[in-house]
Amino acid sequence: MANRVAIVAVAQTRYHPNREDVNEGELAYEAIAQVIGETGLDFSEDGGIGLAITSSDDYWDGRTISNNIVQAAVGAHMSDEGKVCEDGLNAIYSAYTRIVSGRQDLVIVCSHMKESQADKSMVENLTMDPMFLRPFGIDYLTASALQARCYMEKYGITSEQCAKVAVKNRGNARNNPFAQEPLAITVDDVLNSEVMADPIRLLDSKPVSDGACAMILASEERARKLTAKPIWILGVSNCYEAHYLGERDLAACDALSTAAQKAYRMADIKDPVREIQVAEICEEFSYQELLWYAGLGLCGAGEGGRLIDSGVTQMGGSLAVNPSGGMLSGVPNIVGGMSRAAEIVLQLRGEAAARQVEGPRIGLAHGYTGMCGQLQCVMVLGN
Amino acid sequence: MTDNAEELIHVEYTQPWRYRWSTGKYIGKAYAETKRNKRLMGNRCSKCQEIVWPPEPVCPRCKVPTGEKWVELGDTGTVLQYTYQVMPMWDPHVGRARAHPHPSANIRMDSGCHIMHRLEETDPEKLKKVKRVKAVWKEEGRQGGMDDILYFRAIDG
């Protein structure tokens with residue numbers, strides 16, 4: 001029997017369009033200080049936190065080894081340290097494996113990002129392979145518009161159904177004190193907002209955002225002593241698919257399906273819709289939530305539109321998706337998956353205040369990295 | 001604390017980054033073909049027999065060496081999806097955003113593989129009808145690579 005691993009403390013900054021009052025290290029420390037303070041832990045060799053794993057991105061931060069700037073803040077000086085240049089859910093996965101292996105019993109993770117520092121389109125273009133995609137000046141917005149059109153045309157998904165995601169998530173954000181852009185909007189507001197890249201409109205898209213999230217993970221023995229409400233990682237997996245869009249079925253999200261099935265198998269989840277009560281998933285654009293529903297096995301292929309129409313994924317539905325407001329209400333890339341997991345931890349601890357779902361036992365966190373969800377990560381958590 | 005404590009000082013960084021990437025054996029072959037012969041070439045996997053595009057030494061699906069069976073992709077194909085972007089998009093050649101680029105498209109070539117490129121047509125209404133397309137090659141100044149094609153032009157049939 002492998003060691004069990006729990007998340008024992010979580011913290012997020014309030015997400016903000018431009019935190020020009022702090023640098024990345026200071027921003028990260030706002031979340032880090034909270035989890036250190038809450039647990040009373042330190043970084044001593046005798047029983048302290050033995051490893052720090054951060055997630056950030058060199059291109060977004062404009063410096064190689066983008067973890068340099070948070071080294072002191074995250075307690076990594078003269079200590080074991082790692083960086084994941086991917087969505088933050090993968091940093092939790094990495095920390096999990098170190099504890100499962102028995103090498104560490106306490107790990108701090110932190111994901112930090114200031115999107116306001118750079119030009120989003122430029123950074124995304126720089127993540128493309130330089131030989132075949134970068135010369136076109138394509139960015140994630142362009143690529144996602146192609147994916148949205150492919151998905152919507154194949155399954156008859158309407159702009160109204162996509163807009164419902166934006167209305168739901170931005171509306172939910174009104175209950176989340178960390179949310180950047182809570183909005184009371186209607187489907188018509190979304191459909192009348194300006195076109196960014198057809199068929200994606202302004203309100204279908206997440207705003208530029210700065211913020212950080214931190215957590216402490218512990219072995220079962222340490223977790224029991226640190227908190228009365230440990231949240232267990234029951235299943236986790238990731239899956240990577242082709243970079244070049246022509247190599248992929250953009251309407252299928254195969255990598256997400258594979259990651260989800262592996263995570264469910266590990267967590268012994270056989271029927272995710274019945275066994276999971278709350279999910280937080282990353283959706284930079286509204287169509288993605290509908291597409292990811294199917295990838296996560298919450299509905300059949302192409303049935304995402306019907307699922308949002310049914311109301312199951314709204315607050316009060318049997319499987320609330322993104323009670324926090326998701327990424328559409330303003331969460332940075334890279335931080336997305338870790339902040340989703342932090343929200344699930346709050347839900348499973350019964351500490352989600354006005355956005356609390358009633359009595360959840362199993363929660364789902366999802367994060368992705370790269371154009372049109374190239375790298376997908378899925379985590380199942382339980383209380 | 002001084003009187004300037006609330007002044008928010010920023011550091012601007014606008015230097016271009018210089019890289020010199022080797023194309024390598026497989027992409028190098030594809031680039032040489034566009035430059036010299038105005039021809040798109042991909043390699044066919046020795047196992048699944050599918051065209052690998054962009055060309056690679058290892059088939060991403062079969063995870064085995066692809067081998068050297070080169071095939072022409074041809075110049076014609078069908079637009080599967082397109083988008084036109086209203087927001088400024090980064091132009092890597094000039095290092096700044098451009099406001100009205102040619103629309104981007106995912107094109108299924110008649111040879112069976114999919115490529116990303118631009119469309120000549122810029123009118124949003126006319127774009128809806130663009131299905132069959134053909135590559136328009138640069139006559140002068142080809143350097144190897146996808147920019148040796150200016151864009152894809154709508155054709156009949």
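Residues numbered from 1 in each chain as written. Chains lettered and ligands numbered in written order. Predicted model: local features only at pLDDT ≥ 70, side-chain atom pairs only at ≥ 80, totals over all residues.

Participant: Summarise the overall build of chain A; cite the residues concerned and give the values.
Facilitator: A tally of helices and strands in chain A yields 13 helices and 12 strands. Computed over C-alpha atoms, the radius of gyration of chain A comes to 19 Å, within 12% of the 21 Å expected from 2.2 N^0.38 for 383 residues, which places it in the range of a compact globule. Across its three principal directions, the C-alpha atoms of chain A cover 60 × 45 × 35 Å. The proportion of buried residues among the 383 residues of chain A is 60%. A separation of at least 24 residues holds for 78% of the contacts in chain A among residues at least 6 apart in sequence. (Helix = DSSP H or I, 4+ residues; strand = E, 2+ residues; numbered from the N terminus. Rg over C-alpha atoms; globule rule 2.2 N^0.38 Å. Buried ≥ 20, exposed ≤ 12 C-beta atoms within 10 Å, placed from the backbone. Contact = placed C-beta atoms within 7 Å.)

Participant: How would you sum up the overall build of chain B? Please name residues and give values.
Facilitator: Each helix and strand counted, chain B has 2 helices and 10 strands in total. Along the chain direction, N to C, the helices and strands of chain B fall in the order α-β-β-β-β-β-β-β-β-α-β-β. Burial status across chain B gives 29% buried among its 157 residues. Pairs at least 24 apart in sequence give 49% of the contacts found in chain B among residues at least 6 apart.

Participant: Give a description of the interface of chain A and chain B that names residues and reports values.
Facilitator: Size of an interface, as often reported, equals the accessible area lost when the parts are brought together. Taken residue by residue, the interface counts 32 residues in chain A and 34 residues in chain B. Listing elements by their share of the side of chain A that touches chain B, those giving two or more residues are helix 4 (120-126), helix 5 (140-155) and strand 5 (195-197) of chain A. A per-element tally of the side of chain A that touches chain B places helix 5 of chain A first, with 6 residues. Considered class by class, the residues forming the side of chain A that touches chain B number 18 nonpolar, 6 polar and 8 charged. (Nonpolar A, V, L, I, M, F, W, Y, C, P; charged D, E, K, R; others polar.)

Participant: I'd like to hear about helix 6 (residues 159-172) of chain A, residue by residue, with values.
Facilitator: Residue and element names in this part refer to chain A. Helix length check: helix 6 (14 residues) gives 20 Å between terminal C-alpha atoms against 20 Å at 1.5 Å per residue, within 8%. A large share of helix 6 lies buried, amounting to 11 of its 14 residues. Among the residues making up helix 6, those that are buried are Gln161, Cys162, Ala163, Lys164, Val165, Ala166, Val167, Lys168, Asn169, Arg170 and Asn172. Buried-residue contacts for helix 6 involve helix 7 (187-192), helix 11 (286-295) and helix 12 (304-310). (Expected span 1.5 Å × (residues − 1).)

Participant: So, the nonpolar core: which residues are in play, and what are the values?
Facilitator: Residues and elements named next belong to chain A. Among the nonpolar cores identified, the biggest contains 160 residues, and Ile92, Val109, Met215, Leu217 and Met379 are the most heavily contacted of them. The element best represented in this core is helix 5, accounting for 9 residues. Every residue in contact with Met215, bar those within four places of it in the chain, is listed here: Ile7, Ala9, Val10, Val35, Ile92, Val109, Met338 and Ala342. (Core = buried A, V, L, I, M, F, W, Y, C linked by C-beta atoms within 7 Å.)

Participant: So what's going on with the confidence of the model for chain B? Residues and values would help.
Facilitator: Close inspection of predicted coordinates is inappropriate in any region flagged by low pLDDT. Residue and element names in this part refer to chain B. For chain B, mean pLDDT is 87; residues scoring 70 or higher make up 90% of the total. For chain B, strand 6 (residues 96-98) is the element with the lowest average pLDDT, namely 67, and strand 9 (residues 132-137) is the one with the highest, namely 98. In the predicted assembly, ipTM is 0.71 and pTM is 0.90. (pLDDT = per-residue confidence, 0-100.)

Participant: If you had to explain the environment of Leu346 of chain A to someone new, which residues and values would you point to?
Facilitator: Residue and element names in this part refer to chain A. Considering the arrangement of structural elements, one finds Leu346 in helix 13 (residues 336-349). Of the residues examined, Leu346 has 23 C-beta atoms within 10 Å and is grouped as buried. On a C-alpha basis, the gap between Leu346 and Gln356 in space is 8.3 Å, while along the polypeptide they are 10 residues apart.

Participant: Now, about the sheet that holds strand 2 (residues 51-55) of chain A: what can you tell me, with residues and values included?
Facilitator: Residue and element names in this part refer to chain A. Across the sheet, 10 strands lie side by side as 3-2-4-7-1-8-12-11-9-10; this open sheet has mixed pairing. Only two strands of the sheet have a single partner each, and these edge strands are strand 3 (80-84) and strand 10 (320-321). Bridge analysis of strand 4 (residues 106-114) against strand 7 (residues 210-219) gives 9 bridges, and the strand direction is antiparallel. If you follow Val109 over to strand 7, its bridge partner there is Met215. Contacts from helix 1 (residues 24-39) reach strand 1 (5-12), strand 4 and strand 7 within the one sheet, and its direction differs from that of strand 7 by about 35 degrees. (Pairing = 2+ DSSP bridges. Axes fitted to C-alpha atoms, helices over the stretch in contact; angles between N-to-C directions.)

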